[in-house]
Amino acid sequence: MENPKVQEILERQVLNVVKAVEDKLDEEISALDRLDSDDIEALRERRLQQMKKMAEKRRQYLALGHGEYSEIPSEKEFFSVVKSSERLVCHFYRENWPCKVMDKHMSILAKQHMETRFVKIQAEKSPFLSERLKIIVLPTLALVRKGKVEDYVVGFDELGGTDEFSTEELEERLAKAQVIIFEGESSQSIVKSSAQTKRSVRQSANCDSNSD
């Protein structure tokens, strides 16, 4: 049975949060009420310009292959992809279960983060790159910013050491490396949320379970 005092404290905290939100909304409504027609027109024009810029940026991203998770067929193409996109996540893989797990999360994030290019390349067919970037453990994600590999996610050790990590956990790791723009909750909130609602890719993927 819950302690009545603890329950009372929690209820008081909830009420405080609600009150703060209401006060914030009241301030915003009051600010809108004070706007005249010229102010509203200026805001509308500013918003329209922002939307045009966003649409143009999206068009440029799509032209570069952003928004989908694709495979790089050769080492030569890797260098052109790196040069064309400011942010890139490259999955060095082989045909096994751990890499298929990573594929699942990469496909989701590619759609959620248009600002970043998500690709994969088969490690065994790219010996020069694998040696140059010291790719040993698979899967490995090479995190590229402005043409330089600045960080790596090697295996699942940083993701809880299990193949049942959530997409949000990988998203947080990529955000720490600044290879994606993340505007969600704080890292601590994400960890707590992931622990409560962790999704297993194993349940949704339909492939063999071979591993290294």
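The following paragraphs examine the structure supplied in this document.

Conventions we followed
Residues numbered from 1 in each chain as written. Predicted model: local features only at pLDDT ≥ 70, side-chain atom pairs only at ≥ 80, totals over all residues. Heavy atoms only, no water. Core = buried A, V, L, I, M, F, W, Y, C linked by side-chain atoms within 4.5 Å. Buried < 20%, exposed > 50% of the residue type's maximum accessible area, 1.4 Å probe, protein only. Helix = DSSP H or I, 4+ residues; strand = E, 2+ residues; numbered from the N terminus. Contact = heavy atoms within 4.5 Å. Salt bridge = Lys/Arg side-chain N within 4 Å of Asp/Glu carboxyl O. Patch = residues over 30% accessible without salt bridge, like charges linked within 9 Å, V, L, I, M, F, W, Y side chains within 5 Å. Areas by Shrake-Rupley, 256 points an atom, 1.4 Å probe, with all protein chains shown as cover. Phe/Tyr/Trp six-rings, centres within 6.5 Å; stacked < 30°, edge-to-face > 60°. Lys NZ or Arg CZ within 6 Å of the ring centre and 35° of its normal. Pairing = 2+ DSSP bridges. Axes fitted to C-alpha atoms, helices over the stretch in contact; angles between N-to-C directions. Polar contact = N/O pair within 3.5 Å; in protein donor to acceptor, adjacent residues only side chain to side chain.

Generally speaking, soluble globular proteins have nonpolar side chains that are buried together. If you look at the biggest cluster of nonpolar residues, it comprises 21 residues, and the most contacted ones within it are V89, M102, F118, L141, L143, L170 and L174. Listing elements by their share of this core, those giving two or more residues are α4 (97-112), β4 (140-145) and α6 (167-176). Per-element tally for this core: the top contributor is α4, with 6 residues. Apart from residues no more than four positions distant in its own chain, M102 is found in contact with H91, P139, L141, G155, F156, L159, F165 and L170. Core analysis: the second largest hydrophobic core is formed by 18 residues, V82, I121, L129 and A142 among them.

Attention shifts here to the pattern of salt bridges. Pairs can form between side chains of opposite charge whenever their charged atoms are close. In this structure the tally under the stated criterion is 7 salt bridges. As a salt-bridge pair, R94 and E124 come within 3.4 Å of each other at their nearest N and O atoms. Taken together, the residues span a long stretch of sequence, with R94 in the loop between β2 (87-93) and α4 and E124 in the loop between β3 (117-122) and α5 (127-132) at a distance of 30 residues. On the basis of relative accessibility, which here comes to 52%, the residue E124 falls in the exposed class. Where R173 meets D151, a salt bridge forms, and the shortest distance between an N and an O atom there is 2.9 Å. Here D151 lies in strand β5 (residues 148-154) and R173 lies in helix α6, a separation of 22 residues in the sequence.

Further remarks concern a nonpolar patch on the surface. Residues V17, V21, L25 and I29 make up a contiguous nonpolar surface patch of roughly 350 Å² in combined accessible area. With respect to the helices and strands, L25 occurs in helix α1 (residues 4-33).

Turning our attention to the packing of aromatic side chains. As enumerated under the stated definition, the model contains 3 aromatic pairs in all. Ring geometry for F78 and F92: centres 6.4 Å apart, planes at 55 degrees, overall tilted. With F78 in helix α3 (residues 75-84) and F92 in strand β2, this residue pair connects regions lying 14 residues apart in the sequence. For F92, a relative accessible area of 0% gives the class buried. The ring of Y93 carries the charged tip of K120 above its face, separated from the ring centre by 4.7 Å.

Moving on, we get to the sheet that holds β2. Here 5 strands make up an open sheet; going across it, the order is β1-β3-β2-β4-β5 and the pairing mixed. The open sheet is flanked by β1 (69-71) and β5, the only strands paired with a single partner. The mean inter-strand angle of the sheet, taken between neighbouring strand axes irrespective of direction, is 25 degrees. Bridge analysis of β4 against β5 gives 6 bridges, and the strand direction is antiparallel. Its bridge partner being in β5, R145 is matched across the sheet by K148. Against the sheet, α3 touches β2, β3 and β4, its axis set at about 160 degrees to β2.

Moving on, we come to the environment of E45. Tracing the backbone through its elements, the reader meets E45 in helix α2 (residues 37-63). Looking at E45, its side chain comes within polar contact range of the side chain of Q49, at 2.9 Å.

Residues L138 and P139 are joined by a peptide bond in cis, for which omega reads 5 degrees. With respect to the helices and strands, P139 occurs in the loop between α5 and β4. Even without being glycine, K134 reaches a positive phi, approximately 55 degrees. Relative to the helices and strands, K134 resides in the loop between α5 and β4. Positive phi outside glycine occurs at Q178, with the angle close to 60 degrees. Mapped onto the elements, Q178 comes out in the loop between α6 and α7 (187-197).

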